[in-house]
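One-letter residues, chain by chain:
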Amino acid sequence: MNIRVKDLVDQVYSNNDGMVIYNELKNQLDNDNKVAVSFDDIGALNSSFVNSAFIELLNDFDFQFIKNNLRFVNSTKQINEMIKSRFAFEMNRIKQYN
């Protein structure tokens with residue numbers, strides 16, 4: 001399953017924008033679909049969007065499941081670094097509490 005972010009939201013700045021993507025991702029992952037998220041025509045993301053769109057998935061799925069079933073395409077170095085650093089931070093936080 002391919003999801004093009006710009007087909008679902010006009011901007012990628014707010015938690016509300018991120019929740020639109022999260023809801024679509026959760027629906028697809030709940031149905032055992034592998035998902036490719038395309039950032040075509042998007043140069044950068046902020047942490048509010050990333051937290052709502054992707055990090056929120058950790059409340060529903062374990063990290064390995066997310067890693068195996070979610071991939072990012074047509075992205076920039078900034079987008080890749082933002083997503084990677086937010087997941088790393090959250091995984092370290094989770095480890096500290098367990």
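Above this text sits the structure in question.
Residues numbered from 1 in each chain as written. Predicted model: local features only at pLDDT ≥ 70, side-chain atom pairs only at ≥ 80, totals over all residues. Heavy atoms only, no water.

Student: Would you mind showing me how to read the nonpolar core here?
Tutor: Looking at soluble globular proteins, one finds that nonpolar side chains tend to be buried together. Val5, Leu25, Phe39, Leu45 and Phe54 are the most contacted members of the largest nonpolar core, which totals 28 residues. Broken down by secondary-structure element, the contributors of at least two residues to this core are helix 2 (15–30), strand 2 (35–38), helix 3 (47–53) and helix 5 (77–97). When residues in this core are grouped by element, the largest group, 5 residues, is from helix 5. (Core = buried A, V, L, I, M, F, W, Y, C linked by side-chain atoms within 4.5 Å. Buried < 20%, exposed > 50% of the residue type's maximum accessible area, 1.4 Å probe, protein only. Helix = DSSP H or I, 4+ residues; strand = E, 2+ residues; numbered from the N terminus.)

Student: Hey, could you run me through the layout of surface pockets in this one?
Tutor: Any empty space left between atoms is shown by rolling a water-sized probe over those atoms. One number sums up the size of the largest pocket: a volume of about 220 Å³. Phe63, Ile66, Lys67, Leu70, Arg71, Phe72, Asn80, Ile83, Lys84 and Phe87 are the residues that line the largest pocket. Secondary structure elements with two or more residues in the lining of the largest pocket: helix 4 (63–69), strand 3 (70–73) and helix 5. Per element, the largest residue contribution to the lining of the largest pocket is 4 residues, and it comes from helix 5. The residue makeup of the lining of the largest pocket, split by class, is 6 nonpolar, 1 polar and 3 charged. (1 Å grid on protein atoms, 1.4 Å probe; cavity = no way out; pocket = protein on both sides within 12 Å on 5 of 7 lines; lining within 4 Å. Points joined across faces, edges and corners; volume = space filled by probe spheres on them. Nonpolar A, V, L, I, M, F, W, Y, C, P; charged D, E, K, R; others polar.)

Student: Just checking my understanding: could you explain the pattern of salt bridges for this structure?
Tutor: Where charged atoms of side chains with opposite charge meet at close range, the side chains can pair. In the structure shown here, the tally under the stated rule is 6 salt bridges. We note a salt bridge from Asp41 to Arg4, for which the minimum N-O separation is 2.9 Å. Of this pair, Asp41 sits in the loop between strand 2 and helix 3 while Arg4 sits in strand 1 (residues 2–4), and the two are 37 residues apart along the sequence. Of the charged contacts, one joins Lys26 and Asp30 as a salt bridge, the two residues approaching to 2.7 Å between their closest N and O atoms. Taken together, the positions of Lys26 and Asp30, both in helix 2 and 4 residues apart, correspond to about one turn of that helix. Note on Asp30: relative accessible area 42%, which makes it partly exposed. Within the structure, one salt-bridge network assembled from shared partners comprises Arg4, Asp7, Asp40 and Asp41. (Salt bridge = Lys/Arg side-chain N within 4 Å of Asp/Glu carboxyl O.)

Student: Sorry if this is basic, but what is going on with the sheet that holds strand 2 here?
Tutor: The pairing of strands in a sheet happens through backbone hydrogen bonds and is either parallel or antiparallel. In spatial order, the strands read 1-2-3; together these 3 strands make up an open sheet with parallel pairing. Each edge of the open sheet is held by one strand with a lone partner, namely strand 1 and strand 3. The average angle at which neighbouring strand axes cross in this sheet is 25°, direction not considered. Pairing analysis gives 4 bridges linking strand 2 to strand 3, with the strands arranged parallel. By the bridge assignment, Ala36 is partnered in strand 3 with Arg71. Here helix 2 sits on the sheet in contact with strand 1, strand 2 and strand 3, set at roughly 160° to strand 2. (Pairing = 2+ DSSP bridges. Axes fitted to C-alpha atoms, helices over the stretch in contact; angles between N-to-C directions. Contact = heavy atoms within 4.5 Å.)

Scope: geometric values only; no functional claims are made or implied.
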